[in-house]
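Observations on chain architecture
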Amino acid sequence: MSGHPVATVGGAPVALAEVDLREARLRAGPGAAALPAAGSSEGRQLRRWLTQLIVTERVVAAEAAARGLTAGGAPTEGELLPDAAARLEIGSVAAAALADPRARALFADVTAGVAVTDDDVAAYHARNPLRFAAPAPARHGWRAPAVVGPPLAEVRCAIAEHLRGAARRRAFRIWLDERRAALVRLAPGYEHPGDPRQPDNTHRH
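Residues numbered from 1 in each chain as written. Predicted model: local features only at pLDDT ≥ 70, side-chain atom pairs only at ≥ 80, totals over all residues. Heavy atoms only, no water.

For the protein chain, an unreviewed UniProt entry supplies the name Malonyl CoA-ACP transacylase and the organism Mycobacterium servetii.

Set out below in structure tokens:
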């Protein structure tokens, strides 16, 4: 039945038809060849992931509205998720949700108070002295990895920005997990893809 709820968010149902539509759009898109076969274990996992994205978008939209946030002035995706490592840190669902500028405005609001200390910066530099070292000139115009780390004063701002970005992503992920736990209820068959209780979860330790 197309109206069968696969989840509720704050008591409001998420219809099966919404998941069907998202999947159909993906399978009609340019990356369709890389998608798992419909009806397979991996295909069911894809539908679970899409369900997670839909409920996350609803949680984000409701929270942004409650806070009076709009897309205006939101940071860019590149500012919040500068590389693949940042996307892994925050998780694929949250990273996908941050394509919406309202979600990025919410990210900025939720994490506005996150800060790192001078001690955090100094400790990071001591552990990773070459992390922000510029490549050294080499023969024939090539560049070689630096062998001596720059002084802390030279890279302090870069390290602080790096650490604060990671801390903000961690804070937003934790906040989002808590809001979803409070608001979202998933129907059988649409559990989180990583839930060890559902039969298609193949991750084992």
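We now examine the sheet that holds strand β1 (residues 5-9). Taken together, the 3 strands give an open sheet; going across it, the order is β2-β1-β5, and neighbouring strands pair in antiparallel fashion. Taken across any chain shown, the strands that pair with only one partner, and hence form the sheet edges, are β2 (12-15) and β5 (184-186). This sheet shows a mean twist of 25° between the axes of neighbouring strands, independent of strand direction. Of the pairings in the sheet, the one linking β1 to β5 comprises 3 bridges and is antiparallel in character. Paired with V9 across the strands is V184, a residue of β5. In the packing of helix α1 (residues 16-27) onto the sheet, the strands contacted are β1 and β2, and the crossing angle to β2 comes to about 40°. In the packing of helix α2 (residues 41-66) onto the sheet, contacts are made with β1, β2 and β5, and the angle to β1 comes to roughly 25°. (Pairing = 2+ DSSP bridges. Helix = DSSP H or I, 4+ residues; strand = E, 2+ residues; numbered from the N terminus. Axes fitted to C-alpha atoms, helices over the stretch in contact; angles between N-to-C directions. Contact = heavy atoms within 4.5 Å.)

Right, let's talk about the packing of α2 against helix α6 (residues 101-110) for a bit. Running from N to C, α2 and α6 cross one another at 60°; their axes reach a closest spacing of 9 Å. In the packing of α2 onto α6, the handedness of the crossing is left-handed. Contacts between α2 and α6 involve V60, A61, E63 and A64 from the first element and R102, A103 and L106 from the second. Taken together, the residues of the contact of α2 with α6 break down into 5 nonpolar, no polar and 2 charged. (Left-handed = near helix turned anticlockwise from the far one by under 90°. Nonpolar A, V, L, I, M, F, W, Y, C, P; charged D, E, K, R; others polar.)

What follows is about the packing of aromatic side chains. Describing an aromatic ring pair means giving the distance of the ring centres and the angle of the ring planes. As enumerated under the stated definition, the model contains 2 aromatic pairs in all. Put simply, the rings of F107, F172 and W175 pair up and form one aromatic cluster. Taking NZ or CZ as reference, R131 lies 4.5 Å from the ring centre of F132, over its face. (Phe/Tyr/Trp six-rings, centres within 6.5 Å; stacked < 30°, edge-to-face > 60°. Lys NZ or Arg CZ within 6 Å of the ring centre and 35° of its normal.)

All of the buried residues in α6 are A103, R104, A105, L106 and F107. On its buried side, α6 packs onto α2, α3 (77-80), α4 (84-90), α5 (92-97) and α8 (152-183). The N-terminus of α6 is capped by D100, whose side-chain oxygen sits 2.8 Å from the backbone nitrogen of R102. (Buried < 20%, exposed > 50% of the residue type's maximum accessible area, 1.4 Å probe, protein only. Polar contact = N/O pair within 3.5 Å; in protein donor to acceptor, adjacent residues only side chain to side chain.)

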